[in-house]
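Take a look at the letters that make up each chain.
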Amino acid sequence: MSLSSRSLQRPQSLQEQAYQALRSAILSGELMPGQRLVETQLAQKLQVSRTPIREALHQLQQADLVVEERGMLKVATFTSEDASKLYECRLALENVSVRAACLNASDRQLKQIEQLIHKAEKLLNAKPTKLTSFQLLDLDYQFHREIAEGSQNEWLVSLLDRLFDKMILLRIQTMLSNPAVLEVRWEHRQIYEAILDRDADRAVTAVQEHLIASRARVVRELEQIQQSQNAG
């Protein structure tokens, strides 16, 4: 559903609805990294006053999804240095996540992880489009989050959720110029099989290799984007 066609319902606070609508638009790529956000325009699209929009944008700034530059609010963009630091955080948290999932994930959760891999493989075998790229990004998020759920550690899930939002926006930046950055099906299967075998050490090694390889792809792509922008 596009941002322009959304109308906000009243039972939930307008500020919270505006926040959720804008967050969804950012994480779906409808509002692009670097795009300027104008209160009056957003208020008109969501059919509310500027006050809930202003409050929602402030909340998105606190979540690091929106930034202020030269007095203007924009959807956040990330540098290659930002990417390296975000991946450092993921490495630490997902090491804990997969190790705990090996001990605690239920059979239902393991089946769900496997189904997510099958869905991604099916998409990767189809003709690539912008839509399939975003679907793959969502499946990548679901894969890692399902593993976190399998850890049975709700605090870990909460921390990863906050990090995943930033990671999704980061990946949108690189994916738009190179959809192949999302080619991770083999790495995901290695992680899944280790968790299925309840082999914590192998699972940690697999997720470390996956995230280190993903970091290298993303950082390289961001560096190329930055070089292109500097040359222009």
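Just above, that's the structure.
Residues numbered from 1 in each chain as written. Predicted model: local features only at pLDDT ≥ 70, side-chain atom pairs only at ≥ 80, totals over all residues. Heavy atoms only, no water.

## Notes on the nonpolar core
Thinking step 1. If you look at the biggest cluster of nonpolar residues, it comprises 65 residues, and the most contacted ones within it are Ile 26, Leu 170 and Ile 195.
Thinking step 2. Listed in part, the 5 residues of the second largest apolar core include Leu 116, Ala 120, Leu 136 and Leu 139. (Core = buried A, V, L, I, M, F, W, Y, C linked by side-chain atoms within 4.5 Å. Buried < 20%, exposed > 50% of the residue type's maximum accessible area, 1.4 Å probe, protein only.)

## A look at the packing of aromatic side chains
The geometry of an aromatic ring pair is captured by the separation of the ring centres together with the interplanar angle, meaning the angle of the planes.
Thinking step 1. The final tally for this structure, using the stated rule, is 1 aromatic pair.
Thinking step 2. Centre to centre, the rings of Tyr 141 and Phe 164 are 5.5 Å apart; their planes meet at 90°, and the pair counts as edge-to-face. With a gap of 23 residues between them, Tyr 141 in helix H6 (residues 130–150) and Phe 164 in helix H7 (residues 154–177) connect regions that are remote in the sequence.
Thinking step 3. On the accessibility criterion, Tyr 141 (22% relative accessible area) is partly exposed. (Phe/Tyr/Trp six-rings, centres within 6.5 Å; stacked < 30°, edge-to-face > 60°. Helix = DSSP H or I, 4+ residues; strand = E, 2+ residues; numbered from the N terminus.)

## Notes on helix H1 (residues 14–27)
Thinking step 1. Compared with the 20 Å implied by 1.5 Å per residue over 14 residues, the 20 Å span of H1 between its first and last C-alpha is a close match.
Thinking step 2. Gln 15, Gln 17, Ala 18, Tyr 19, Ala 21, Leu 22, Ala 25, Ile 26 and Leu 27 are the residues of H1 that are buried.
Thinking step 3. Gly 29, located one to two residues past H1, shows a positive phi value of around 85°. (Expected span 1.5 Å × (residues − 1).)

## Focus: the packing of helix H4 (residues 80–104) against helix H8 (residues 185–196)
Thinking step 1. Running from N to C, H4 and H8 point in directions that differ by 40°, and their axes come no closer than 8 Å. On the basis of the axis angle, H4 is oblique to H8. Two secondary-structure elements touch here, H4 through Val 98, Ala 101 and Cys 102 and H8 through Ile 191, Ala 194 and Ile 195.
Thinking step 2. In the contact of H4 with H8, the residues fall into 6 nonpolar, no polar and no charged. (Axes fitted to C-alpha atoms, helices over the stretch in contact; angles between N-to-C directions. Parallel < 35°, antiparallel > 145°, perpendicular 65-115°, else oblique. Contact = heavy atoms within 4.5 Å. Nonpolar A, V, L, I, M, F, W, Y, C, P; charged D, E, K, R; others polar.)

## A short note on the environment of Glu 193
Thinking step 1. Checked against the element boundaries, Glu 193 lands in helix H8.
Thinking step 2. Taking the C-alpha atoms as reference, Glu 193 lies 27 Å from Ser 84; in sequence the two are 109 residues apart.

## Considering unusual backbone geometry
Residues apart from glycine generally show negative phi values, whereas peptide bonds are mostly found in trans.
Thinking step 1. For Gln 152, which is not glycine, the phi torsion reads 65° and is therefore positive.
Thinking step 2. Looking at the secondary structure, you find Gln 152 in the loop between H6 and H7.

## Structural notes on the sheet that holds strand E2 (residues 66–69)
Thinking step 1. The strand order across the open sheet built from 3 strands is E1-E3-E2, with neighbouring strands paired in antiparallel fashion. In this open sheet, the two strands that pair with only one neighbour each are strand E1 (36–37) and E2.
Thinking step 2. Where E1 lies against strand E3 (residues 72–75), 2 bridges are found, and the strand directions are antiparallel. Each residue of the ladder has a partner; that of Leu 37, found in E3, is Leu 73.
Thinking step 3. Relative to the sheet, helix H3 (residues 50–62) contacts E1, E2 and E3, its axis offset from that of E2 by approximately 95°. (Pairing = 2+ DSSP bridges.)

## Here we look at the packing of helix H5 (residues 107–124) against H8
Thinking step 1. Axis separation between H5 and H8 bottoms out at 10 Å; the angle between their running directions is 165°. Here H5 is positioned roughly antiparallel relative to H8, judged by the angle of their axes. Two packed elements cross with a definite hand, and for H5 against H8 that hand is left-handed. Facing Leu 110, Ile 113, Glu 114, Ile 117, His 118, Glu 121 and Leu 124 of H5, the residues of H8 in contact are Arg 185, His 188, Arg 189, Tyr 192, Ile 195 and Leu 196.
Thinking step 2. Broken down by class, the residue content of the contact of H5 with H8 amounts to 7 nonpolar, 2 polar and 4 charged. (Left-handed = near helix turned anticlockwise from the far one by under 90°.)

## Here's the deal with the pairing of E2
The two faces of a sheet get side chains in turn, since along a regular strand they alternate between them.
Thinking step 1. Both E2 and E3 contribute to a ladder of 4 bridges, which runs antiparallel. By the bridge assignment, Val 67 is partnered in E3 with Lys 74.
Thinking step 2. Counted along the chain from E2 to the antiparallel partner E3, the turn is 2 residues long, and its residue Arg 70 has a positive phi close to 55°.

## Notes on the pattern of salt bridges
Thinking step 1. Under the criterion given, the structure shown has 15 salt bridges.
Thinking step 2. The salt bridge partner of Arg 50 is Glu 39, with a shortest N-O separation of 3.3 Å. Here the residue Arg 50 occupies a position in helix H3, and Glu 39 occupies one in helix H2 (residues 39–46), the gap between them amounting to 11 residues.
Thinking step 3. For Arg 50, a relative accessible area of 41% puts it in the partly exposed group. (Salt bridge = Lys/Arg side-chain N within 4 Å of Asp/Glu carboxyl O.)

## Focus: H5
Thinking step 1. If you check H5, its first and last C-alpha atoms are 26 Å apart, about what 18 residues at 1.5 Å a residue would give, namely 26 Å.
Thinking step 2. Every buried residue of H5 is listed here: Gln 109, Leu 110, Ile 113, Glu 114, Leu 116, Ile 117, Ala 120 and Leu 123.
Thinking step 3. Against H4, H6 and H8 lie the buried residues of H5.

So, to be careful, I would describe these as geometric facts and stop short of saying anything about function.
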